[in-house]
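# Coordinates in review
The lines below spell out each chain.
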Amino acid sequence: MALIPVNIKDGTLKKNEIIVGIDLGTTNSLIAIIDRETNKPIVISTNDYELLVPSIVYLGKNQNPLIGNKARKYLVEEPQNTIFSVKRLMGKSYKDVAENHTIKSYKIIDDNTESLVKIEVDGKFYTPVELSSFILKELKNQAESKLNVQITKAVITVPAYFNDSQRQATRDAGKLAGLDVLRIINEPTAASLAYGIGIAEGEQKIIAVYDLGGGTFDISILKITDGIFEVLSTNGDTNLGGDDFDEEIVKFWLKKYFINNDISNSKNDLQKLRLIAENAKILLSKTNSFFVEYDYKNQKIKLELSIDEFEGLINNLVEKTIKSCETAMKDANLKNSDIDEIILVGGSTRVNLVKEKVKQFFNKSELHDKLNPDETVALGAAIEADILAGNRKDILLLDVTPLSLGIETMGELMDVIIPRNSKVPQSVAKQYTTSKDGQKNLRISIYQGERDKVSFNRKLGEFNLSGIPAMPAGLPKIEISFMLDADGILKVKAKELRSGIEQKIEVKPQYGLTDEELEKMLLDSLVNAKNDVEYRSLQEAKTEAEQLIYTTQRFIEKNKNELSDIEIQQSNKFVEVLNTALKTDNKNEILKAHEALNHFTKPFAERLMDKAIAFAVKGKKIE
Ligand code: ADP
Ligand code: MG
């Protein structure tokens, strides 16, 4: 029997219930289920010709967001209102994206802090979680109208390299879309399940999953032992994919046919050319040449591309992916002959040159490429969902923790440290910091449950970490570790890493908790998901605003001799506006005033940046 972790203690699961598998992609997203007649996974859609939902959200004036193909045309018409590739921003802070700011068509707020990024469209602020939830909701609606049942449970995939906060953001997006996210699984793991690898008893394998999508490339090396997937290494390029192939074709045609024309100045014409280039690329995975007559300014231009020309254009890009494979193999400490199976994932692996180069590099004559590469991950997610639904008798279930465990952070928010359905034993550590200068004591409160406001969850215990040496706000590094052992005992340790002081506590999360209570807690979290996310984002906005006011005032106080009167007066005015906004409890007002104050003070804050004062808000504040 293979071991796959499952939530056997989850009282809300009903037999044969539909749980969907979702691939929330950078370029395209899909939803899949197990077809009960054939027992095979299938992608579902209301329109059989459009199985993929492009991961695009159009936020037009006074209307509901448009998703997918309906949003696509606005990429050209209203780029500032049309969000694509939001997956790149999931769980990222401003600092994370600052260095790597490739998306320029819509507005990502520029604020040099460690708080999570927001996107501004027409005076409204959206988080990547909200935007992703629009895509998930579209997929959910699509499946519901096709299957004619309500869908509330899902497995969602993420890249293997996603960190905790990116995974948490994906969970939150699911919850906001009205989905109980039973598990977040790695895309390469899903791909492997789709090919039936990793399910058999006693199976031991090392596999390479090569995933080339629209805008990203990932290589993951996994070790499978009895149904447990271990990531040995990952590598890749978050800015390399099929879109770059299209771009090369466009450049080639521009040089060849439009040398004396002004086409490269027209966004619309360029976008059209890009779509033709994508078609050419797609056709060339089945034929040897492509041509089309292109109407341009009353003349017909014959655009041509042969397979040799195409392969010449993309050769360097494909070579780059092979370099990543090389690094991943080195990092995993493996020789090419150690790899048992290779799986191809992502629409761009349909390109013949890609297949050849991968075969060549790994020195294999066969690859797993029989499934549609853009569906593989979603199909695997549906298989995992089926396992969770208890429909696969051959799989032994491991013990998992039925409710999330975490601590209280500023604004009475629950910060999850061990997510529900994590397998036991489990050990996780996260870092936090302080919000006020010279803070010497911290109260750590431990909670269990799925709600965003701690008072709706179960309190398991609390303790004080005292004797922290006086330091400016944001400087202490407090590491909280949760260790949940196989007997269900949770050991919590808090340690201030600079001074080394620490404190511990032990609690029993499941003690006194009945199945009915557990079921109610899970149900409540889904029913209240929207309120909860609103509460959380308001609290986070307030905390960040209060922090900015605090640091601005401290900054002015400390540097008043270096600042002009105008700078001080204006800053105080912006602080006042922010203070007024805080009283409204209106998230958009607060964010707008925050942005205004930040924008105004940034130039002179940078000018005077006093290293001892952490002007930027750093990390999550416990108190
Ligand atoms: P993501 O995982 O990034 O969401 P997908 O796996 O859906 O992306 O891949 C999308 C990419 O696959 C696009 O660049 C698309 O042009 C490309 N693609 C789809 N079909 C083909 C094909 N037949 N030949 C070459 N590229 C293709
Ligand atoms: Mg993908």
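Every value quoted in this text rests on a predicted model; they were computed, and no experiment measured them. (Residues numbered from 1 in each chain as written. Chains lettered and ligands numbered in written order. Predicted model: local features only at pLDDT ≥ 70, side-chain atom pairs only at ≥ 80, totals over all residues. Heavy atoms only, no water.)

A contiguous patch of negative charge on the surface is contributed by Asp-515, Glu-516, Glu-517 and Glu-519. On the secondary structure map, Glu-516 appears in helix 12 (residues 515–527). Since its relative accessible area comes to 60%, Glu-516 is described here as exposed. (Patch = residues over 30% accessible without salt bridge, like charges linked within 9 Å, V, L, I, M, F, W, Y side chains within 5 Å. Areas by Shrake-Rupley, 256 points an atom, 1.4 Å probe, with all protein chains shown as cover. Salt bridge = Lys/Arg side-chain N within 4 Å of Asp/Glu carboxyl O. Lys, Arg positive; Asp, Glu negative; His and termini not counted. Charge placed at Lys NZ, Arg CZ, Asp CG, Glu CD. Helix = DSSP H or I, 4+ residues; strand = E, 2+ residues; numbered from the N terminus. Buried < 20%, exposed > 50% of the residue type's maximum accessible area, 1.4 Å probe, protein only.)

What follows concerns the sheet that holds strand 21 (residues 405–409). In space, the four strands of this open sheet follow the order 22-21-24-25, with antiparallel pairing throughout. Where the open sheet ends on each side, the last strands, each with one partner, are strand 22 (413–418) and strand 25 (458–466). Geometrically, the sheet is characterised by an average inter-axis angle of 30 degrees between neighbouring strands, direction not taken into account. Relative to strand 25, strand 24 (residues 441–448) is paired through eight bridges, and the arrangement is antiparallel. Residue Ser-445 lies in a different strand from strand 25, and its bridge partner there is Glu-462. (Pairing = 2+ DSSP bridges. Axes fitted to C-alpha atoms, helices over the stretch in contact; angles between N-to-C directions.)

Here we come to the domain arrangement of the chain. Partitioning the chain into structural domains gives domain 1 (19–241 + 313–393), domain 2 (405–527) and domain 3 (537–617). Summarising the inter-unit geometry, the C-alpha centres of domain 1 and domain 3 are found 38 Å apart. Domain 1 puts 13 residues into the contact, and the matching count from domain 3 is eleven residues. Contact between domain 1 and domain 3 buries roughly 1100 Å² in total, counting both sides, with carbon and sulfur atoms accounting for 46%. When the buried area of domain 1 at its contact with domain 3 is split by residue, Asp-111, Lys-118 and Phe-125 rank highest and sum to 39% of it. The salt bridge partner of Lys-587 is Glu-130, with a shortest N-O separation of 3.7 Å. For the pair domain 1 and domain 3, the interface holds two residue pairs in polar contact (both at pLDDT 80 or more). Broken down by class, the residue content of the side of domain 1 that touches domain 3 amounts to two nonpolar, four polar and seven charged. (Domains from an automatic or database assignment. Contact = heavy atoms within 4.5 Å. Buried area = accessible area lost by both parts, 1.4 Å probe. Polar contact = N/O pair within 3.5 Å; in protein donor to acceptor, adjacent residues only side chain to side chain. Nonpolar A, V, L, I, M, F, W, Y, C, P; charged D, E, K, R; others polar.)

Quick look at the pairing of strand 26 (residues 478–484) now. In terms of residue burial, strand 26 counts as a mostly covered element, since five of its seven residues are buried. Of the pairings in the sheet, the one linking strand 23 (residues 426–432) to strand 26 comprises seven bridges and is antiparallel in character. What sits directly across from Gln-426, in strand 26, is Leu-484. By the bridge criterion, seven bridges tie strand 26 to strand 27 (residues 490–496) in an arrangement that is antiparallel. Paired with Met-483 across the strands is Lys-491, a residue of strand 27. Linking two consecutive strands that pair antiparallel, namely strand 26 and strand 27, is a turn of five residues; a positive phi of about 80 degrees is found at Gly-488 within it.

Moving on, we get to the pairing of strand 18 (residues 299–306). Alignment of strand 17 (residues 289–296) against strand 18, held across eight bridges, turns out to be antiparallel. The residue of strand 18 that forms the bridge with Tyr-294 is Ile-301. What sits between the antiparallel neighbours strand 17 and strand 18 is a turn of two residues, in which Lys-297 has the positive phi angle 50 degrees.

To continue, consider the site of ligand 1. Close to ligand 1 lie 18 residues; Thr-27, Asn-28, Glu-278, Lys-281 and Gly-347 are nearest. Between a nitrogen atom of ligand 1 and a side-chain N or O atom of Ser-285, the distance comes to 3.2 Å. Burial of ligand 1 by the protein chains amounts to 91% of its free accessible area of 590 Å². For the shell around ligand 1, the secondary-structure elements that each account for two or more residues are helix 7 (242–257) and helix 8 (267–283). Sorting elements by how many residues they give to the shell around ligand 1 places helix 8 first, with three residues. For the shell around ligand 1, the per-class residue count stands at two nonpolar, eleven polar and five charged. (Near = heavy atom within 4 Å.)

The next subject is unusual backbone geometry. Residue Asn-39 is not a glycine yet carries a positive backbone phi of 65 degrees. Within the secondary structure, Asn-39 is located in the loop between strand 3 (28–35) and strand 4 (40–43). With phi around 50 degrees, Asp-226 is a residue other than glycine that occupies positive phi space. The residue Asp-226 is located in the loop between strand 15 (217–225) and strand 16 (228–237) in this model.

On to the packing of aromatic side chains. Using the criterion set out here, one finds eight aromatic pairs in the structure. Ring centres 4.8 Å apart and planes at 55 degrees place the aromatic pair Tyr-210 and Phe-217 in the tilted group. Owing to a relative accessible area of 1%, Tyr-210 belongs among the buried residues under this scheme. Taking the relative accessible area as the measure of exposure, Phe-217 reaches 0% and is therefore buried. Each ring, one from Phe-361 and one from Phe-362, has its centre 4.8 Å from the other, and the planes form 80 degrees; the classification is edge-to-face. (Phe/Tyr/Trp six-rings, centres within 6.5 Å; stacked < 30°, edge-to-face > 60°.)

So, on to the packing of helix 6 (residues 187–194) against helix 11 (residues 376–388). Contact pair helix 6 / helix 11: the axes reach a minimum separation of 7 Å and the direction vectors enclose 80 degrees. Between helix 6 and helix 11, the angle falls in the class roughly perpendicular. Residue-level contacts link Glu-187, Ala-190, Ala-191, Leu-193 and Ala-194 of helix 6 to Thr-376, Val-377, Leu-379, Gly-380, Ala-381, Ile-383 and Glu-384 of helix 11. The class makeup of the residues in the contact of helix 6 with helix 11 is eight nonpolar, two polar and two charged. (Parallel < 35°, antiparallel > 145°, perpendicular 65-115°, else oblique.)

Time to look at the sheet that holds strand 6 (residues 56–58). Judged by pairing direction, the sheet is antiparallel, and its three strands sit side by side in the order 7-6-8 without closing on themselves. Bordering the open sheet on either side are strand 7 (66–67) and strand 8 (82–84), each of which pairs with just one other strand. With two bridges joining them, strand 6 and strand 7 adopt antiparallel strand pairing. Bridge pairing in strand 7 links Tyr-58 to Leu-66. Along the sheet face, helix 4 (residues 128–147) touches strand 6, strand 7 and strand 8 and points at about 105 degrees away from the line of strand 6.

The topology assignment puts Ala-529 in helix 13 (residues 529–558). Ala-529 gets classed as buried once you look at its relative accessible area, which sits at 2%. Expressed as a C-alpha distance, the spacing of Ala-529 and Lys-436, which sit 93 residues apart in the sequence, is 31 Å. Aside from chain neighbours lying at most four places away, what touches Ala-529 is Lys-175 and Leu-176.

Let us look at the nonpolar core. In this structure, Ile-22, Ile-83, Ile-119 and Leu-131 are the most contacted members of the largest nonpolar core, which totals 55 residues. Per element, the largest residue contribution to this core is seven residues, and it comes from helix 4. Both domains that meet at this core, namely domain 1 (19–241 + 313–393) and domain 3 (537–617), each give it at least three residues. With sequence-adjacent residues up to four places away left out, Leu-131 is seen in contact with Val-57, Leu-59, Ile-83, Val-86, Ile-119 and Tyr-126. (Core = buried A, V, L, I, M, F, W, Y, C linked by side-chain atoms within 4.5 Å.)

On to the packing of helix 13 against helix 14 (residues 565–584). A pair of packed helices is captured by two measures, namely the crossing angle of their axes and the spacing between those axes. Two elements in contact, helix 13 and helix 14, have axes whose closest approach is 10 Å; the angle formed by their N-to-C orientations is 155 degrees. Classified by the interaxial angle, the pair formed by helix 13 and helix 14 is roughly antiparallel. Our pair here, helix 13 against helix 14, has a crossing hand that is left-handed. Facing helix 13, whose interface residues are Lys-542, Ala-545, Glu-546, Leu-548, Ile-549, Thr-552, Gln-553 and Ile-556, helix 14 presents Ile-568, Ser-571, Asn-572, Val-575, Leu-578, Asn-579 and Leu-582. Of the residues that constitute the contact of helix 13 with helix 14, the class distribution is eight nonpolar, five polar and two charged. (Left-handed = near helix turned anticlockwise from the far one by under 90°.)

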